[in-house]
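# Structural overview for review
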Amino acid sequence: MTEKKYAAVVLSAGKGTRMNSAVPKQYMMLEGKPVLYYSLYAFEKSMIDEIVLVTGEEDVEYCRKEIVQKYGFTKIISVTAGGKERYHSVFCGLTDLNKEQNRPDYVMIHDGARPFINDEIIWRCARAAEEFRACAAGVPAKDTIKIADESLFVRETPKRKYVWQIQTPQAFAFPLIYQAYEELLNREQRGEFYSVTDDTMVLEAIYGHKVKLVEGSYENIKITTPEDLKLAKAFLPE
Ligand SMILES: Nc1ccn([C@@H]2O[C@H](COP(=O)(O)OP(=O)(O)OP(=O)(O)O)[C@@H](O)[C@H]2O)c(=O)n1
Ligand SMILES: C[C@](O)(CO)[C@H](O)COP(=O)(O)O
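Residues numbered from 1 in each chain as written. Chains lettered and ligands numbered in written order. Predicted model: local features only at pLDDT ≥ 70, side-chain atom pairs only at ≥ 80, totals over all residues. Heavy atoms only, no water.

Going by an unreviewed UniProt entry, the protein carries the name 2-C-methyl-D-erythritol 4-phosphate cytidylyltransferase and comes from Petralouisia muris.

Given below as structure tokens:
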């Protein structure tokens, strides 16, 4: 691989509605450390050069003091406020990276609510980003997946070998994903509606760009509902 500059955008501006807790799930404690700590630590000790942390406006100071300073993260170049939806927060992070002094060659976008990324996944994403310019970590579905219609009748049963559950990181050539997000938000301002639930679909929708899938891990779960915290405890190293 060539000597390229890599950045990570770590998302932590969600409200955690499905977790139904007073504290947003990314700040809940997992073995004495906030959930968010674990993915930041994985990037801090990885080949990534710089990290932008995107958080709720009301949590920027908390993150600077209680996360960046307290745990001594040196690669976090900014803690920035996110937006209403996940894709708004992503664009806030990408905008920070688009400043001349920060601009990377490649960027990995990651949910701060996924504490179990590891170095192998980060490397696989980096290699695929350099080769294919856009990739997402994921795992082959273990269950049969059905596509339903509005009335919950089965419309389609896709062949399981082609069905993957998508995770983060999702990694991209920086200018490609920045421009795609910029165009998406321009279109939103013009009143066009897109339902955006991951980053690769922005490229698919705007440019029809091909996206490579790379192996994530079955432990790379997103902490979304209370039972995920039980799973997370089981996945922590002894
Ligand atoms: N406006 C938002 C919404 C989500 N996220 C982040 O995107 C990741 C994945 O989102 P999700 O699990 O949906 O988190 P929440 O939006 O917080 O959860 P919920 O949908 O249950 O409210 C999380 O790390 C979350 O903090 C974000 O940065 N900005
Ligand atoms: C990006 C993602 O983590 C891939 O699985 C997921 O789609 C985020 O979705 P959410 O609606 O924000 O939970």
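Picking up where we left off.
### A look at the side chain of Asp-96
Tracing the sequence through the fold places Asp-96 in helix α3 (residues 86-97). You can call Asp-96 buried: its relative accessible area is 10%. (Helix = DSSP H or I, 4+ residues; strand = E, 2+ residues; numbered from the N terminus. Buried < 20%, exposed > 50% of the residue type's maximum accessible area, 1.4 Å probe, protein only.)

### Here's the deal with the site of ligand 1
Residues in close proximity to ligand 1 total 19 residues, the closest being Gly-16, Thr-17, Lys-25, Ser-89 and Lys-222. At a separation of 2.9 Å, an oxygen atom of ligand 1 approaches a polar backbone atom of Gly-14. Contact between ligand 1 and Lys-25: an oxygen atom at 2.8 Å from a side-chain N or O atom of the residue. The fraction of the free accessible surface of ligand 1 (560 Å²) that becomes covered by protein chains is 88%. In this structure the site holding ligand 1 corresponds to the largest pocket. Mapped by element, the contributors of at least two residues to the shell around ligand 1 are β1 (6-12) and α3. Among the residues forming the shell around ligand 1, the class breakdown is 3 nonpolar, 8 polar and 8 charged. (Near = heavy atom within 4 Å. Polar contact = N/O pair within 3.5 Å; in protein donor to acceptor, adjacent residues only side chain to side chain. Areas by Shrake-Rupley, 256 points an atom, 1.4 Å probe, with all protein chains shown as cover. 1 Å grid on protein atoms, 1.4 Å probe; cavity = no way out; pocket = protein on both sides within 12 Å on 5 of 7 lines; lining within 4 Å. Sits in = over half its atoms within 2 Å of the grid points. Nonpolar A, V, L, I, M, F, W, Y, C, P; charged D, E, K, R; others polar.)

### Focus: the sheet that holds strand β5 (residues 76-81)
Across the sheet, which stays open at both edges, the 7 strands sit in the order β5-β4-β1-β6-β10-β7-β11 with mixed pairing between neighbours. Whereas interior strands pair on both sides, the edge strands pair on one side only; in this sheet they are β5 and β11 (212-215). In this sheet, adjacent strand axes meet at a mean angle of 25 degrees when their direction is disregarded. Across 4 bridges, the pairing between strand β7 (residues 134-140) and β11 is parallel. Residue pairing across strands places Cys-135 opposite Lys-212, the latter belonging to β11. Set on the sheet, helix α1 (residues 35-44) makes contact with β1, β4 (50-55), β5, β6 (106-111) and β10 (164-173); between it and β1 the angle comes to about 180 degrees. (Pairing = 2+ DSSP bridges. Axes fitted to C-alpha atoms, helices over the stretch in contact; angles between N-to-C directions. Contact = heavy atoms within 4.5 Å.)

### Describing the layout of surface pockets
Volume-wise, the largest pocket comes out at about 1,100 Å³. Along its surface, the largest pocket is lined by 41 residues, and Arg-18, Lys-25, Asp-111, Lys-222 and Thr-224 are the ones closest to its centre. When residues of the lining of the largest pocket are traced back to their parent elements, those giving at least two are β1, α3 and β10. Sorting elements by how many residues they give to the lining of the largest pocket places β10 first, with 5 residues. Partitioning the lining of the largest pocket into residue classes produces 8 nonpolar, 19 polar and 14 charged. Taken as a whole, the second largest pocket holds about 180 Å³ of empty space. Lining the second largest pocket are 13 residues, and of these Tyr-38, Pro-115, Phe-116, Ile-117 and Pro-237 lie nearest its centre. Here the lining of the second largest pocket takes 3 residues from α1, the largest share from any one element. Classifying every residue of the lining of the second largest pocket by side-chain character gives 8 nonpolar, 2 polar and 3 charged. (Points joined across faces, edges and corners; volume = space filled by probe spheres on them.)

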